[in-house]
Amino acid sequence: AQSVTQLDSHVSVSEGTPVLLRCNYSSSYSPSLFWYVQHPNKGLQLLLKYTSAATLVKGINGFEAEFKKSETSFHLTKPSAHMSDAAEYFCVVGLRGGSQGNLIFGKGTKLSVKP
Amino acid sequence: GAGVSQTPSNKVTEKGKYVELRCDPISGHTALYWYRQSLGQGPEFLIYFQGTGAADDSGLPNDRFFAVRPEGSVSTLKIQRTERGDSAVYLCASSLMTTGSGANVLTFGAGSRLTVL
């Protein structure tokens, strides 16, 4: 069965410092993995996705994530946090086969950015 | 439209009442999805449509929940005999024709917040 675990429910960083949001996945096959961001009162927005091409994936707003099969991880990073990055971030694994519409979301990590 | 539109944005109802939530997907997107997000949790899959038919409704929690998409565009999620535990944000998303790869990119609406008193 597929699952995803976000290791931190809340991460707080200072503006200008690096961001690391951790995600581990479980999948019986090579997964499709995503990071989505949710700002208050706005829809979920795709940051980036991994679909078995390059293991280092670059997304919008300076975010990137690295797929590490040996560690079953897909951590999200950004070199320098901006105040506008404060939001909730979800790591997501996409299912294949019969349940094509089924994405499995992690519980989310709330990112706070201090001035 | 330019994005996925959901109405109402907020709905407060009493226990036992019937509720309808509407989703208007991006024009041309054949796949439409409903998710439910409870407080402090990630979204959970409810149902998805490929065109007019429900291709997978395995996430619907019980038979009080039902969704339709009669013309392959707008969808309505219907909840009968609402319970306090149904309180959540109901998210709709759409995508181009889905594939079996698990790599579909979904565009989400802002959600409908349902509160059952």
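Report on the accompanying structure.

About the criteria used
Residues numbered from 1 in each chain as written. Chains lettered and ligands numbered in written order. Predicted model: local features only at pLDDT ≥ 70, side-chain atom pairs only at ≥ 80, totals over all residues. Heavy atoms only, no water. Helix = DSSP H or I, 4+ residues; strand = E, 2+ residues; numbered from the N terminus. Rg over C-alpha atoms; globule rule 2.2 N^0.38 Å. Buried < 20%, exposed > 50% of the residue type's maximum accessible area, 1.4 Å probe, protein only. Areas by Shrake-Rupley, 256 points an atom, 1.4 Å probe, with all protein chains shown as cover. Lys, Arg positive; Asp, Glu negative; His and termini not counted. Charge placed at Lys NZ, Arg CZ, Asp CG, Glu CD. Salt bridge = Lys/Arg side-chain N within 4 Å of Asp/Glu carboxyl O.

1. Things to note about the overall build of chain A
A tally of regular secondary structure across chain A gives 0 helices and 12 strands. Counting from the amino terminus, chain A carries its helices and strands in the arrangement β-β-β-β-β-β-β-β-β-β-β-β. Relative to its length of 115 residues, chain A is compact, with a C-alpha radius of gyration of 14 Å against a globular reference of 13 Å. Principal-axis analysis of the C-alpha atoms gives chain A an extent of 45 × 30 × 20 Å. With 115 residues in all, chain A has 43% of them scored as buried. Of the accessible surface of chain A, which amounts to about 5400 Å², a share of 51% is contributed by carbon and sulfur atoms. Mean positive and mean negative side-chain charge positions of chain A (11 and 7 charges, respectively) differ by 6 Å.

2. Quick notes on the pattern of salt bridges
All names here are of chain B. Following the criterion strictly, the structure yields 6 salt bridges over all chains and no others. Notably, a salt bridge pairs arginine 22 with aspartate 24, separated by 4.0 Å at the nearest N-O pair. Take aspartate 24: its relative accessible area is 28%, and that puts it in the partly exposed class. Look at the salt bridges and you will find they share partners, linking Arg64, Glu83 and Asp86 into a network.

3. Observations regarding unusual backbone geometry
Across the junction of B:Thr7 and B:Pro8, the peptide omega takes the value -10 degrees, indicating a cis bond. For A:Asn61, which is not glycine, the phi dihedral falls at a positive 60 degrees. Locating A:Asn61 in the fold gives a position in the loop between β7 (56-58) and β8 (64-68). In this model, B:Arg81 sits at a positive phi of 45 degrees, which is unusual for a non-glycine residue. Turning to its location among the elements, B:Arg81 is positioned in the loop between β8 (75-79) and β9 (88-95). Assessed through its relative accessible area of 46%, B:Arg81 is described here as partly exposed.

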